[in-house]
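Descriptive analysis of the structure
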Amino acid sequence: MWLLAVNGLVYIALGIATGRFRRKLVPIRPGDVLADAKAALTGKLAHDDIAVYNAVQKLLYLGVILAGIVIVLSGLSIWKPVQLQALTAVLGGYDAARYVHFLAMAAIVGFLVVHVVMSLLVPRSLHAMVTGR
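It should be emphasised that the depicted structure is a prediction, and the values quoted were computed from it without experimental measurement.

Thresholds applied
Residues numbered from 1 in each chain as written. Predicted model: local features only at pLDDT ≥ 70, side-chain atom pairs only at ≥ 80, totals over all residues. Heavy atoms only, no water. Helix = DSSP H or I, 4+ residues; strand = E, 2+ residues; numbered from the N terminus. Buried < 20%, exposed > 50% of the residue type's maximum accessible area, 1.4 Å probe, protein only. Contact = heavy atoms within 4.5 Å. Lys, Arg positive; Asp, Glu negative; His and termini not counted. Charge placed at Lys NZ, Arg CZ, Asp CG, Glu CD. Salt bridge = Lys/Arg side-chain N within 4 Å of Asp/Glu carboxyl O.

1. Focus on the overall build of the chain
Within the chain one finds 7 helices and 0 strands. Along the three orthogonal principal directions, the C-alpha set of the chain runs to about 50 × 30 × 25 Å. Taking all 133 residues of the chain together, 24% fall into the buried category. Looking at the chain alone, contacts between residues at least 24 apart form 58% of all its contacts between residues at least 6 apart. Each charge class in the chain can be summarised by its mean position, and for the 12 positive and 5 negative side chains these summaries are 6 Å apart.

So, in C-alpha cells, the structure goes:
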C-alpha cells in the first residue's frame, strides 16, 4: 500500500507540475465521449495518432487515477479505522469503506482488462507502451 501511495503521489505531482494532465486529459466533453464510445463499439474509431487520447481514453485515465486515490484512502480507513475515524466516517463507516475499497479495486481491474484488450486490438500501441513513445 505504501508503495502504491508514494508512487501515486509522485505520479500526480509530476503530472500536475509538468502540465501533462492538462495537455493529455482535459477537456472531456460528454458529447465527445458518447461519439468516441459509439465509434469504438462499431469499430470505426480512428487511431491515426496514438499519442493523442480520445475522449473515452481521457475519461478512463482520469477515472483510474481517481480509483487509485479512493483505494488508498479506503485502504487506510480499513487498516486503521480507530486512528483514522474521521476518514472512515467520510466513507460511511468501516463496512461501507470495505465496499468502497472493493469497488475501487474492481474499477482498476476493469480498467486493466479494457486496456489490455484495446492494446491487442491496436497493435501499434504496444510498441508505444513498451518504449514510452
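2. Digging into the pattern of salt bridges
Side chains carrying opposite charge are able to pair once their charged atoms draw close together. For the structure on display, the rule yields 2 salt bridges. A salt bridge links Asp 32 to Arg 29; the nearest nitrogen and oxygen atoms lie 3.5 Å apart. The partly exposed category is assigned to Asp 32, whose relative accessible area is 34%. In this structure Arg 29 comes out as partly exposed when scored by relative accessible area, which is 46%. With its nearest N and O atoms 3.7 Å apart, the salt bridge here joins Arg 98 to Asp 95. Of the two residues, Arg 98 and Asp 95 both sit in helix α6 (residues 94-121), 3 residues apart, roughly one turn of that helix.

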